[in-house]
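Chains, contacts and geometry: an overview
Each chain, written out:
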Amino acid sequence: MRVLVADHPLVAHKLTVLRDKNTTSPIFRLLTEELVTLLAYEATRDVRVEPVNIETPVTTTVGTGLRKPTPLVVPILRAGLGMLEGMTRLLPTAEVGFLGMERHEQTLEAITYAERLPDDLTGRQVYVLDPMLATGGTLREAIKFLFARGAADITCICLLAAPEGLQKLRDELEGKNVTIVLASIDEKLDENAYIVPGLGDAGDRLYGVVH
Ligand SMILES: O=P(O)(O)OC[C@H]1O[C@H](OP(=O)(O)OP(=O)(O)O)[C@H](O)[C@@H]1O
Ligand SMILES: O=c1cc[nH]c(=O)[nH]1
Ligand SMILES: [Mg+2]
């Protein structure tokens, strides 16, 4: 497993505004998309390509095309949905599959309540979107699910991670072809397993409070 933290002043600046508790939902949604597009630039560095022959108005030349099978983007609902537009802006031909997952408030167990993904992911590059990697339980279950469908090359784009959750994933995914791309590794988890300093509940800040 590899971890990449984007090192760019615009990422740091947009993330700072996102963290601010006074930032409203519409701005939060906009900034989430912008941040994902910046992270997606890093995350797609190893997207599979092949040479293609094209004609320019002047001559013929060999360019670069995306290789089949088409990459699959998987937002983890709810909060990951806020990252989808930002990702498909950069990779418009990608297909999209969905995982609905909820972290139980008390047990912190990741519960999968919805799934709409291709049956066979053999040979597909998969890009998982979830803004928060806290205990790592949600991402671990999502990755397990994708491996079970045959995926072998998974890149997760998150905004924030807690060191505790990252370490858990590192231990479990050693030697696996999994990359985590992040805007920041924060300080720690608090007693409710929220990321500190964090940005609060990403799903609630994007879409409103459910409980
Ligand atoms: O690393 P973990 O400890 O598993 O926590 C992270 C998960 O918690 C949040 O989802 P939440 O359960 O709040 O669902 P939501 O996106 O619908 O708000 C977040 O979007 C991650 O999916
Ligand atoms: O800090 C956190 C932890 C889990 N889920 C969130 O949305 N935020
Ligand atoms: Mg939530």
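Keep in mind it's a predicted model, so treat the numbers as computed, not measured.

1. Focus on the UniProt feature "binding site: 5-phospho-alpha-D-ribose 1-diphosphate" (unreviewed entry) in the protein
The sites that UniProt annotates as "binding site: 5-phospho-alpha-D-ribose 1-diphosphate" (unreviewed entry) are Arg 78, Arg 103, Asp 130, Pro 131, Met 132, Leu 133, Ala 134, Thr 135, Gly 136, Gly 137, Thr 138 and Asp 201. Topologically, Asp 130 is positioned in the loop between strand E8 (125-129) and strand E9 (132-133). Under the relative-accessibility criterion, Asp 130 is labelled buried at 9%. With near-sequence residues (within four places) excluded, Asp 130 lies in contact with Ile 76, Gly 80, Met 83, Thr 138, Ile 157, Cys 158 and Leu 159. Of note, Met 132 is situated in strand E9. Not counting chain neighbours up to four residues away, the residues in contact with Met 132 comprise Leu 160, Ile 195, Leu 199, Gly 200 and Ala 202.

2. Observations concerning the UniProt feature "domain: Phosphoribosyltransferase" (unreviewed entry) in the protein
The sites that UniProt annotates as "domain: Phosphoribosyltransferase" (unreviewed entry) are residues 5-208. The span residues 5-208 is 32% helix and 30% strand, and its two end C-alpha atoms sit 28 Å from each other.

Calculation criteria
Residues numbered from 1 in each chain as written. Chains lettered and ligands numbered in written order. Predicted model: local features only at pLDDT ≥ 70, side-chain atom pairs only at ≥ 80, totals over all residues. Heavy atoms only, no water. UniProt positions renumbered as here; feature names shortened; annotations may be inferred. Helix = DSSP H or I, 4+ residues; strand = E, 2+ residues; numbered from the N terminus. Buried < 20%, exposed > 50% of the residue type's maximum accessible area, 1.4 Å probe, protein only. Contact = heavy atoms within 4.5 Å.

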